[in-house]
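# Residue-level structural notes
Here are the chains, one letter per residue:
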Amino acid sequence: MVLGDMGEVVNVIRVERQHAVDLLYASGSDSLSNPYAVSSLDAAVIQNFNVWHFSTPVRGNGPLLGLLALVGYVWPIRFCWCDVALYDIVVLRKLDAHFRPMLGHGDLLRTFDICVPELLDRSENSRPFTFQPKAGEVVSPCTSLFIALEESLSSDPNVVVLRPITPVNGTYLDLDHPISLFHDALDLRPIGHPDRPTTQLHLAIALLFRFAKRGFQTDADAAEELLYDVLDVCHAKSHIHRLALLAVKTHAEKMARTTDANDVQAERPTASMFPLSSDQLADRVEWCQQIDDPHALDDVISLHYEALNHYGAGHAQQGPLLCHLSCALQLRFGRRGFGHDLNGAISFQREALAIFQVGHPGRPVSLANLANALLTRFQHQGINEDLDDSIKLHMQALDLRAVGHLSRPTSLSNLAHALSTRFEHRGNDKDLNDAIALNRQALDLWPADHPSRSFTLNYLGMTLATCFKHRGSDRDLEEAIRVHREALDLRPVGHPERAMTLKNLAEALSERRDNDNDLDEAIVLGRESLNLLQVGHPGRSASLNCLANAFSTRFKHQGNDKDLDEAITLYSGAHDLLPVGHPDRCASLNNLASVLLPRFEHRCNDQDLDEAIALCREALVLRSGGHPDRFKSLNNLGSALSTCFSHRGNDELLEEAIALYREALDLQPVGHPDQSGSSNNLANALLTRFEHRGNDKDLDDAITIWREELYSLPAGHHDRSRSLNDLATALITRFKHRGNVKDLDEAMELHRETLYLRPDNHLDQSTSLINHADVLAIQFEHQGNDELLDEAVTLSREVLNLQSVGHPHRIVSLNNLANMPEARFKHSDNHQDLDEAVALYKKALDLRSDGHVDRLELLVNLANVLSVQFTHQGNIHHLDEALENACSALSLLRTHDPRRSTVHRSLATIHMLFYESRLHSTGEDVDSLNAAMGHSKAGVDSFSSGLRCRLQTSLLWIRNAEKYTHSTLLEAYATSIQLLDDYISATASLSSRHDMMRLFPHTLAVGAASCALRHGEMARFRVPIEGFQERSDHADALVKKFRELSYLLNKPPAKLQEGTPRLIVDAEAVRYTDLVDEWKKTVEEIRKLEGFSRFMLPPLFSDLQDAARDGPVIVLIASESSRYAIIIPRHHSPINMQLATSVKKLERWVNTLQRIVRRKAGPEEAQTKLVETLRELWDDVVCPVVEHLGRFAPPGSRIWWCPTSAFNFLPLHAAGEYRRGGKNLSQLYISSYTPSLTALIRARERHDRSQPMPFAAIGQNHPPGYPFSLRSVEPELKLVRSLLPPAPTVSFTKLTSVESTKSRALGTLRDNHWLHFACHGIQNLAEPFKSAFLMRDEPLTLLDITQMNLSRHEFAFLSACETAVGNFETPDEVIHLAAALQFAGVKSVVGTFWRVQDSTVQRLVEAFYKNLCGDGKMNPKRAARALHMAVQSLAGDEDIPLDQRIVFMHVGI
C-alpha cells in the first residue's frame, strides 16, 4: 500500500495478508526549521519517520495489524483487540536507503503508549497526536502523528480487503499546519544554504498534495516554481534533482488527464486523480528495470495502487494492473529485500490469475509471473512448497503454449531454470537432465536470427555450467563456453544484454583450469562487461563480482598481489551497491570475506582476518534457519574460523568451525550437489584438530570422509584430482603418525593418479608435483633407494622453476627442495648437500615475515640442518645459529600446537651437542645436559603432538639419559613404555601391532626393567587394599558394560578379502578405535568404585607373586647396560642377581645353536659345539640361579623360566655341566616356560571341565608344496588314541591327513579342549604371525590361533617342527606357536625348539602319554612332569642325538 509523500492516508483496495486481518496506518508531519539541526542529514531527501512496536499485550481476543505507511514504505505491526492492552509506539527518523547501512534507522523522535480503545476513538474522530518540542529544540522534528484503523472484509487467507471502521466523512488530515512549518524552515535556510533545496522539495510536494485535494491553483503554481528552483541548483544525478524532475512530470500528466478542472471544488480522494492505464504503467515498470532509482520505483508502485483504486473491481484494467504491480513489487524486493514486497507480489499475482480464467490470453503470462515470484521466494526463504509450485505453474504455462506457439520457447526456458534450481538444492539428476533437454528444445524452436535466441543460449550455457560444477565433465564446460560465445555473437556492441553475456562467458572461462590464458580472457571480458554498465545500472554489482572472481582465481594460481588487491576493491565496490536488505547482500558479504582471508594468509594483517569473520557472521544472520543457502554461509564462516584458529590457536574457534560444518552437512540431504564441498571442509577441520590434539579418531574420520567423497566422484570429474590429493595428504599424515607402510604406498598411488589428471599447463600441477616429490622423499627415507630421492629432487626443481617470485606456493617448494639435499647427505656424506639445504631454507625464511606462524617449520628445519653441519664440520657458530632458530620457533608455538614435540626434540638435540662439545673442551656442562633432558620431557608431555612423535622424543630422551646416566632415565623409560602401549593399542590387528613394534628398539622393555633394577624400583611395589565393599546396581551395570566391550574387543577383526575397498577397511579401524575409547572410559568409571582404584592397572608385585604359587619363576633380562636374573618366590622378596655374561655372548650362543639345528656342521662337531654352549649357559646363567633356588625349591620340584631378549632362543632347561658326576638342571628341577607372569596367572584360572573330556588329534603328513612327508603322522594319531583313557573319560576325535583342511582344523580346535598336532610346523621369522601348522589346503597360522578364544582349553601337544622358536627381531615378545596357544587360553602346551625326527617323536609321545594319563586321569598340570620323565627315559639312548633329546619344552601350568 502507498500513502502520500507527506504521510497522507490514502484509501487502500487490497494488500497482502501477513499475520492478522486488521491494519493500523501511521502517518505524520515533519517540521525542519533549524538550519543547523539537520545539516548532517543531507541523505534525508524526504524527511519522515518510522513507528516501531515493541510491547506485547498480556491477553486479547482479536488481532490487529499495524502498517507503517511512510512515503511508500509499509511495515506491519501486530495488535491484539484488548481493552486493557497497552502498546509502546516508538517514532524514529526515517533515513534514505543509501545512508541506512551506516546510520541505522535514524534518531529517536518520540515514544508513547496507547490502548486500543483510544486508538479507535482517535481514528473515528480523525484526531492526530500532537507533540510539544523537547527541551533544547528550536523546532521540533515531529509535531503530529495521525493513526487510522481499518478492518478486513475478505475471507481470502492471502488477501485482505479493507474498509474504514467508521465512515469517511470527507475530513482529512490538515496539511495547512505542516505547509506553514515548511515555510518557516525555508525562511531559516537562505539562498546558498546546502539544505535549502531539500526544504523546497518538501514544501513543493506538500503544496501539490493540497492542490490535489482542494484544487487551489496557487498551490500548484508555487509548487512548480519551487521545483524548477531545485532543478536549477542541484546536480542532475543527485537524488533531489531526480525527485524534483519526477514531481514535475507527474504533475504535468495529472493536469493533462484532467477533463474539467473547474469541477474540482472540494477535497476528494487522491485515488481518483491518477487514472493511468495498465499499458502506461507497464512502460513505467520497464523503465524502472533499466535504472536503479529507488524513488522512481516507489512512485511507479504508488501509481499502480492509485490506478487500482480508481478502476475498481471488475474493471478490464484490473487484471493487467495486478500483474504489473506484482512485477514492480518483485523488482523492488530484488533491489531492497523487503519481504512484504515479495509476498505482496505473489498475492497480487494470485489475484490476477484468478481473474485470468482458463482460456484467457493473459493466463500463461500470469502463470509464468507467479511461478517466477514463487521461485524467488524459495531462493530467499527456502519454502519447499514454493519451489514445487513454481515448477507446476511453469508446466501449466507450457501446456497452454502448444507446439508452434510463439512464446513456447520462453516457457521451456522458464521451466528449465526452475528445474535447474531444484537440482541445485535437492540433487536429483533427473531435474538437471530435464533442464538441459528443455533448453535445447527451446533453442531448436528459435530461428537463427531471432532476437530471443540469445536468451535461450544464455540459459543453456548457465545450466551446462551448473552441470560441470556438479558432475565435473569437461565436455559440459566446453559446451557452456561455446554456447556463451554464440550468444555473444548475437549480442553485438550496443545490444542491451551484451554486458550480461560477457559476464556469463567470463564466469565459464574462470572455471576452466587448463591454462592462464582463460583467466586472462575472463578478466578482459569482465572489464568490457563492467564498462557497459554505468553507475546506477542494476546489473553492475553482478558484473563487479564476476571480474573480482576472475582476479581472485588468477591470484591463487599466480600469486600476484595486485590481482588480490584488485579483487578486494571490486568485491567491495559490488558490496557498496547493495544496501541492507538487498537479497544479494549476503552473497556479497561472503565474496568479500573470501578474498580477505587469502590476503590475511599472505600478509598476516589481523584486520583482514577480523573483518572476514565479521562479514561471514553478518551473512549467516541474513540466512536464518530455513534459508536454502544457509549451508553456504555456515561453510564460509567455518572456513574463516578455521583460518583464525590456525594462526591464533584458540580451541573454541576450531570447535565452532567443526560444529558449523556439521550443521551445513545436516542441511544437505544425501546426493545434494554441494555436499562434497561441505564434507571436504569438515574433513580438513578434523585433520587440523588431529594435528593439534593428536586424537586418532579425528584423523580416521577425516580419511573416511575423503574416501566417501572420492568414491562419489566418477572418473573425469573435475574435482577428482583435488579429492585424490586430499586423501593422499591425510594418508601421509597417518603414516607419519603411525608408520603403517600401506598408507604410504596408497598415498603414492593417489598422487600419481592426481598428477596424471593435472598435465602441463594445469593450474594445480605445481601443487601435485610438490606433493609427489614429498612422498618420494619419504619413501627414500624408509627404503634407502637413491633413485627415489633423485626423482624427488628433479620434481622439486621443476616446480620451483614453474613458480615466479611471489608465487604463494614458492615457500613450500623451497622448503621441500631443501629437505632433499639434507636427506641425501645422510647417505652420501657430501657437505655440499648441507650447504645447499641451509641456503634454500634461508631463502624460504626470507619470504616469510617475522612473526608469521608458517616460519615455525622453516626455523626448525634450518636449526636441524645447522646442527648436522656442526656435527660434521665442528663450527660452533653453526650450533649457535641453530639454537637461535630453534628458540625462535619455540616462541611461535601455540598452546596445542602439534609441532611442539618436534621443536623441543630439536632443542634437546642442540643442547646435547653443546654438552658433548664442552665435555671434551671446557669440562662438564651440567646446565646444557639438564636443558636437553628438560626439552625431551617437555616434548614427551606435548599431548597434541601425537603418540608417534612423542614416542620418538622419549626414545631420544632414553638414549641421552642412558648415555650420561642422568637422573631422569627411569622416568624416561616409564614414559616410553606407557606411550608404546598406547601407540600399539591404536590398531586392532595383531600383525599390524607387531609390524609397528619393529619401528622401535627391541630392547626397550628389557632396558626399562634393567633400569628399574639398578634403581631399586622393585621395592616400591605395595600390596593392594583388601576387602572390597559390596557392589551397587551402578557397579554391576559398569561391570556388565566392561565385559561386553571386552568381548567385542577380544573378538577377532572381521576378515576382509584381498581387494576390499579401503573405505571399509578404515571403517573397521574406526570402529575398533571407538570401542577402545569406550572401554577406557568404562575402566575409569570402575576405578572410581571403592576398592577398584587399581582395576586394569599394571598388577602390583604382590599380585605377580601369585605366578610362583607352584614354584619360583625366574625372569631373565638382557640389555646392553646389564644382565639380570630375578627369582620370584611365592612368599619371599624377589632376589635380583647380576649375571656374568654379555649380550654379545648370548647372541653367539644363539647363532651356534641355529647352525647346529640347521645341520651346518658335521655330527661330531655339532655335538661338541652343543655341549660347549650348554656348559657356558650353565656356568654364566643357570648355575648362579640354582645356587639361590635351594632356599625356595627343593630338588625335584618345578620351576618356571620367563626369558626376554636373546634368552628366548636358549634351551635353559637343558643347561648343565655334561661331564661324569657333573650337574645338569634337568637332574635338579622340572623346568617349564612362560611368556609372562600374567600369562601364567591367567592359565591357572579354573573353569568347569566338561565330561567327557573332548580330545582331538589332528594330523597332516604331506601338505602341498612341502619337499618331504612325515611317515609317522598316521601311526602317531593311532598311538595317541590307544594311550588315552577310554570313554566316558575322553571323547576322541581324529582328523587324518585327508581330512585336515584349515577350516576343519579350526573347527576341531574350537570344539575340543585337549589337542594333539602331528604335522609340519614352520616359523616365519620375517612375519611371525604367518608362522603356521601346515594343513592340506592352506596353513593354519599363528594369527588364526590368536584370534580364537581358547580360554577353556586344557592342553595341546605340538608334535611339529619349530613350534617354540621366537623372532630375533622382536625378542622381547615370545612370538611362536606354543606361546600363541597359551596366549589364546590353552593352559598347558608341549612344543619343540627346532625340527624333530620321526623316530624321536614316536618314542617320546608314547612315554609322555603313559606318564600323563596312564592311570586313567587327565590333568594338564601333570604335563610338565610327564614330559620331564619322558625326556629322562631317552637320556640313556646314545642313538638319539643330544639336540633331539632336548628339543621338547613345556609352556604353562
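Report follows, based on the coordinates. As a convention, each chain's residues are numbered from 1 in the sequence order in which they are written. Under the rules for a predicted model, residues below a pLDDT of 70 receive no local features and side-chain atom pairs below 80 are neither given nor counted, while totals for whole chains, interfaces and linings still include all residues. Note that water and hydrogens are dropped before the side-chain values are worked out from all heavy atoms of the structure.

### What to know about the sheet that holds strand 19 (residues 1321–1322)
At least two bridges found by DSSP between two strands are what make those strands a pair. Comment: elements are numbered from the N terminus, with helices defined as DSSP H or I runs of at least four residues and strands as E runs of at least two. One open sheet accounts for 3 strands, arranged 19-20-21; its pairing is antiparallel. Of all the strands in the sheet, the pair left with one neighbour each is strand 19 and strand 21 (1340–1341).

### Overview of helix 14 (residues 429–445)
In this scheme, a helix's expected span is set at 1.5 Å multiplied by one less than its residue total. Taking 1.5 Å as the rise per residue, helix 14 with 17 residues should run 24 Å; its terminal C-alpha atoms sit 25 Å apart, in good agreement. Whether two residues are in contact is decided by their heavy atoms, any of which lying within 4.5 Å being enough. Each element contacted by the buried residues of helix 14 is listed here: helix 13 (408–426) and helix 15 (453–471).

### Details of the state of the cysteines
To count as a disulfide, a pair of cysteine sulfur atoms needs to be within 2.5 Å. Under the counting rule described, the total for this entry stands at 0 disulfides. Here Cys-323 is not cross-linked by a disulfide; its sulfur's nearest cysteine counterpart is in Cys-327, at 6.7 Å. When its relative accessible area of 6% is taken as the criterion, Cys-323 is described as buried. Exposure categories follow from relative accessible area, calculated using a 1.4 Å probe and restricted to protein chains: below 20% of the type maximum is buried, above 50% is exposed, and the middle band is partly exposed.

### What about helix 52 (residues 1398–1413)?
Between the first and last C-alpha of helix 52 there are 23 Å, a value that for 16 residues agrees with the 22 Å anticipated at 1.5 Å per step. Of all the residues in helix 52, the buried ones are Thr-1400, Val-1401, Leu-1404, Val-1405, Ala-1407, Phe-1408, Tyr-1409, Leu-1412 and Cys-1413.

### Some details on the packing of aromatic side chains
Aromatic pairs are defined between Phe, Tyr and Trp rings, using the six-membered ring for Trp, whenever the two ring centres lie within 6.5 Å; interplanar angles under 30 degrees are classed as stacked, those over 60 as edge-to-face, and all others as tilted. Counting across every chain of the model gives 13 aromatic pairs. Taking 6.0 Å as the distance between ring centres and 70° as the angle between the ring planes, the aromatic pair formed by Tyr-305 and Phe-348 counts as edge-to-face. With Tyr-305 in helix 8 (residues 294–311) and Phe-348 in helix 10 (residues 339–355), this pair connects stretches of sequence that are 43 residues apart. With 6.1 Å between their ring centres and 20° between their planes, Phe-1255 and Phe-1292 make a pair best called stacked. Note that Phe-1255 is positioned in strand 16 (residues 1253–1260) and Phe-1292 in strand 17 (residues 1290–1295), a separation of 37 residues in sequence. Accessibility expressed as a relative area gives 0% for Phe-1255, which makes it buried. Its relative accessible area of 22% is what places Phe-1292 among the partly exposed residues. Ring-pair connections join several aromatic residues into one group, and the members of that group are Phe-1255, Phe-1292, Trp-1314, Phe-1355, Phe-1357, Phe-1408, Tyr-1409 and Phe-1448.

### A closer look at the environment of Glu-486
Tracing the chain through its elements places Glu-486 in helix 16 (residues 474–489). Given a relative accessible area of 25%, Glu-486 falls into the partly exposed group. Setting aside chain neighbours within four positions, we find Glu-486 in contact with Arg-453 and Leu-457. Polar contact is the term for a pair of N or O atoms within 3.5 Å; when the atoms are in protein, one must be able to donate a hydrogen and the other to accept it, and sequence-neighboring residues count only if both atoms are side-chain atoms. Polar contacts involving the side chain of Glu-486 include one to the side chain of Arg-453, which spans 3.2 Å.

### Overview of the side chain of Ser-906
Secondary-structure assignment places Ser-906 in helix 35 (residues 900–919). Excluding its chain neighbours within four sequence positions, the residues that come into contact with Ser-906 are Val-860, Ala-863, Asn-864 and Ala-886.

### Side note on the pairing of strand 17
Examined bridge by bridge, strand 16 and strand 17 share 6 bridges and lie parallel to one another. If you follow Ala-1257 over to strand 17, its bridge partner there is Lys-1294. Handedness of a crossover is defined as follows: orient the strands so they point away from the viewer, and if the path from the first strand over the helix to the second runs clockwise, the crossover is right-handed. Crossover strand 16 to strand 17 through helix 48 (residues 1273–1283) is right-handed.

### Regarding the environment of Trp-1201
Within the secondary structure, Trp-1201 sits in strand 14 (residues 1198–1203). According to the relative accessible area criterion, Trp-1201 is buried, its value standing at 0%. Those residues in contact with Trp-1201 that sit more than four places away from it in its chain are Ile-1114, Leu-1116, Val-1182, Val-1185, Leu-1212, Leu-1225, Ser-1231, Ser-1232, Tyr-1233 and Thr-1234.

### Side note on unusual backbone geometry
Cis geometry marks the peptide bond from Ala-1287 to Pro-1288; its omega dihedral reads 10°. Along the chain, Pro-1288 falls in the loop between helix 48 and strand 17. One non-glycine residue, Thr-965, lies in the positive phi region at around 50°. Examined against the element boundaries, Thr-965 turns out to sit in the loop between helix 37 (947–963) and helix 38 (969–984). Its relative accessible area of 66% is what places Thr-965 among the exposed residues.

### Some words on a negative patch on the surface
Among the surface-exposed residues, Asp-221, Glu-224, Glu-225, Asp-229 and Asp-232 lie close enough to one another that they form a single negatively charged patch. Within the element layout of this structure, Glu-224 appears in helix 5 (residues 217–233). Residues form patches when they are more than 30% accessible in relative terms and have no salt bridge. Like charges link within 9 Å. Nonpolar side chains (Val, Leu, Ile, Met, Phe, Trp, Tyr) link within 5 Å. Accessible surface is estimated by sampling points in the Shrake-Rupley manner with a 1.4 Å probe; for residues, cover comes only from the protein chains shown. We define a salt bridge as a contact between a side-chain nitrogen of Lys or Arg and a carboxyl oxygen of Asp or Glu at a distance within 4 Å. For this count, His and the chain ends are skipped, Lys and Arg are scored as positive, and Asp and Glu as negative. Charge coordinates come from a single atom per side chain, which is NZ of Lys, CZ of Arg, CG of Asp or CD of Glu.

### Here's the deal with the pattern of salt bridges
It is possible for side chains bearing opposite charge to pair when their charged atoms get close. Scanning the entire structure with this criterion turns up 51 salt bridges. For Arg-617, the salt bridge identified is with Glu-656, shortest N-O distance 3.0 Å. Of this pair, Arg-617 sits in helix 22 (residues 606–622) while Glu-656 sits in helix 24 (residues 651–666), placing them 39 residues apart in sequence. By relative accessible area, Arg-617 is classed as partly exposed at 34%. Its relative accessible area of 29% is what places Glu-656 among the partly exposed residues. Ionic pairing is found between Arg-1148 and Glu-1176, a salt bridge with its closest N-O pair at 3.0 Å. Taken as a pair, Arg-1148 in helix 44 (residues 1143–1157) and Glu-1176 in helix 45 (residues 1163–1189) lie far apart in primary sequence, 28 residues in all. On the accessibility criterion, Glu-1176 (25% relative accessible area) is partly exposed.

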